[in-house]
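Breakdown of the fold
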Amino acid sequence: MMNFDIFKAFQTLSTAFGPSGRETAIAETLTELTADTVHNIGDWDHRIDAMGNLVYHRVGNGKKLLLAAHMDSIGIVVTHIDEKGFLRFAQVGGLMLGDLIDRRVRFQNGTRGVISFEEKTPYAKLGFDNLFLDIGAADREQAEKTVQVGDFAVFDGEPFQQGDIICGPYLDNRIGCLTLIGVMAELAQTTCDLDLYVAFTAQEEVGLRGAQTAAFAIQPDYAIAVDVTDTGDMPERKYPMVVELGAGPAVKIMDRSVICDNGVKHALYAAAEQHGIPVQREIMEFGGTDTGVIQRTAGGVRAGAVSIPTRYIHSPSEMANIRDIEYAIQLIAAVICDGLTI
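Residues numbered from 1 in each chain as written. Predicted model: local features only at pLDDT ≥ 70, side-chain atom pairs only at ≥ 80, totals over all residues. Heavy atoms only, no water.

Observations concerning the nonpolar core
- Core analysis: the biggest nonpolar cluster contains 62 residues, and I175, F200 and I336 have the highest contact counts within it.
- At ten residues, the largest contribution of residues to this core is made by helix α8 (residues 322-337).
- Beyond its immediate chain neighbours, meaning those up to four positions away, I336 contacts L65, L67, V183, L187, C192, L194 and L196. (Core = buried A, V, L, I, M, F, W, Y, C linked by side-chain atoms within 4.5 Å. Buried < 20%, exposed > 50% of the residue type's maximum accessible area, 1.4 Å probe, protein only. Helix = DSSP H or I, 4+ residues; strand = E, 2+ residues; numbered from the N terminus. Contact = heavy atoms within 4.5 Å.)

Describing a nonpolar patch on the surface
- A cluster of nonpolar side chains, namely M254, I259 and I283, defines an oily patch on the protein surface of about 280 Å² accessible area.
- Among the structural elements, I283 can be located in strand β16 (residues 280-283).
- For I283, a relative accessible area of 45% corresponds to the partly exposed category. (Patch = residues over 30% accessible without salt bridge, like charges linked within 9 Å, V, L, I, M, F, W, Y side chains within 5 Å. Areas by Shrake-Rupley, 256 points an atom, 1.4 Å probe, with all protein chains shown as cover. Salt bridge = Lys/Arg side-chain N within 4 Å of Asp/Glu carboxyl O.)

Re the packing of helix α1 (residues 6-14) against helix α2 (residues 24-37)
- Two elements in contact, α1 and α2, have axes separated by 10 Å at closest approach and are oriented at 155 degrees. For the element pair α1 / α2, the angle class is roughly antiparallel. Like other packed secondary-structure pairs, α1 and α2 cross with a definite hand, here right-handed. The segment α1 lies against α2, with A9, T12 and L13 engaging I26, T29, L30 and L33. (Axes fitted to C-alpha atoms, helices over the stretch in contact; angles between N-to-C directions. Parallel < 35°, antiparallel > 145°, perpendicular 65-115°, else oblique. Left-handed = near helix turned anticlockwise from the far one by under 90°.)

A short note on the packing of aromatic side chains
- Here the structure, examined in full by the defined rule, presents four aromatic pairs.
- Residues F86 and F132 carry aromatic rings whose centres are separated by 5.4 Å and whose planes lie at 75 degrees to one another, so their mutual orientation is edge-to-face. Pair noted here: F86 is in the loop between β4 (75-81) and β5 (87-92) and F132 is in strand β8 (residues 131-134), with a separation of 46 residues, a long-range link.
- Overall, F86 belongs to the partly exposed group, its relative accessible area being 27%.
- The interplanar angle of 85 degrees and the centroid separation of 5.7 Å between the aromatic rings of F117 and Y123 together place this pair among those described as edge-to-face.
- Classification of F117 by relative accessible area gives buried; the value is 18%. (Phe/Tyr/Trp six-rings, centres within 6.5 Å; stacked < 30°, edge-to-face > 60°.)

A few points about the side chain of T201
- If you trace the backbone, T201 turns up in strand β12 (residues 195-201).
- For T201, a relative accessible area of 1% gives the class buried.
- Within the structure, the side chain of T201 is placed 2.7 Å from the side chain of D290, a separation counted as a polar contact.
- Sequence-distant contacts of T201, defined by excluding residues within four places in its chain, comprise N53, A68, A69, H70, M71, D72, G210, A211 and D290. (Polar contact = N/O pair within 3.5 Å; in protein donor to acceptor, adjacent residues only side chain to side chain.)

What about the pattern of salt bridges?
- Tallied over the entire structure, the rule returns nine salt bridges.
- Between R88 and E118 there is a salt bridge, and its shortest N-O distance comes to 2.8 Å. Taken together, the residues R88 in strand β5 and E118 in the loop between β7 (112-117) and β8 connect sequence positions 30 residues apart.
- Looking at E118, the relative accessible area reads 18%, which means it is buried.
- The closest approach of N and O atoms between R104 and D156, which form a salt bridge, is 4.0 Å. Note that R104 is positioned in strand β6 (residues 104-107) and D156 in the loop between β9 (152-155) and β10 (160-162), a separation of 52 residues in sequence.
- Within this structure, R104, R106, R112 and D156 form a network of salt bridges that share partners.

Quick word on the pairing of strand β3 (residues 64-70)
- Within β3, six of the seven residues are buried, which leaves it mostly tucked inside the rest of the structure.
- Both β3 and β12 contribute to a ladder of seven bridges, which runs parallel. Looking across to β12, one finds that K64 is bridged to D195.
- Pairing of β3 with strand β13 (residues 222-229), which is carried by four bridges, proceeds in the parallel orientation. By the bridge assignment, L66 is partnered in β13 with A223. (Pairing = 2+ DSSP bridges.)

Topic: the environment of A137
- With respect to the secondary-structure elements, A137 resides in the loop between β8 and α3 (140-143).
- Residues A137 and I48, 89 residues apart in the sequence, show an inter-C-alpha distance of 37 Å.
- Sequence-distant contacts of A137, that is, excluding residues within four places in its chain, are made with K84, G85, Q142 and A143.

Focus: the layout of surface pockets
- By volume, the largest pocket is sized at about 750 Å³.
- What lines the largest pocket is a set of 29 residues, and nearest its centre among them are D230, F286, G287, I313 and H314.
- Looking at the lining of the largest pocket element by element, the count peaks at three residues for β13.
- Of the residues assigned to the lining of the largest pocket, the class counts are twelve nonpolar, nine polar and eight charged. (1 Å grid on protein atoms, 1.4 Å probe; cavity = no way out; pocket = protein on both sides within 12 Å on 5 of 7 lines; lining within 4 Å. Points joined across faces, edges and corners; volume = space filled by probe spheres on them. Nonpolar A, V, L, I, M, F, W, Y, C, P; charged D, E, K, R; others polar.)

A look at the packing of α1 against helix α4 (residues 171-186)
- Running from N to C, α1 and α4 point in directions that differ by 130 degrees, and their axes come no closer than 10 Å. Taken together, the axes of α1 and α4 are oblique relative to one another. The hand of the α1/α4 crossing is right-handed. Contacts between α1 and α4 involve I6, A9, F10, L13 and S14 on the former and, on the latter, L171, R174, I175, C177 and L178.

Dropping the structure here:
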């Protein structure tokens, strides 16, 4: 496998600002990281489309294959600043209330704050309307010198590595983006008849928007999306699930947005068996990924997905296993090199 320090790369990406609809900084960071990682990067053209998707293309004579991973993250947006300088906010993407209380966030200009709650409200009855953001301002005038209504903020946290485990904010889905950079690096010394596209998509967390426009522009024959998935290996999990941390990437069977193409799914299984790559089978009962809108694009796309098992998704402390990411890179590169035989 190529020399690619996954945790170091994740540290770089995790600090890049990129909530849904504000992906410019994360796209720039991905462009720099891809150029530093992928040998023969000149073989790939790249562009930013009108939705903010970062799209790479390596010309081939065969059918079109789209690899996609969303680069945006969940976040919050300021909706009101009161006379005492406290901020109210709305969600950008799906957030759990319990993950927000006493959490630090940061704005693109570096301003930081802490989310807290109205203590007059019984804890059991708290809702998002009872939360506020404290940036330490004395009043509205001081707050508005650094933050305005409409400004976005993201979780502010330092990632860490412990053995094979990495943990931090926005593994969803910076780790999917790193997987595709790893695939591009693996393919740098290979020839492949497939006409390859790699899309780092925008605004997935607010409705799979970027993937829809990217897929419509490309109109691929096949597609493989990479994202995170829940695990079922934690104590007393409410919904049983076979996916475990450290047991390999998961080949998606279905989620709320998609039933994956049988041909793409079995091509991934076949590549895993041929190359000795451990894989799991994923059925995610809640949520969806870019796979769903890609599959429904234009006349339809034969779409599948590879998922990285991740605990505590959409929290500031998402957790994954580096081995699962390494195996995901190997799996996708292998199925491409094998010609995506369907």
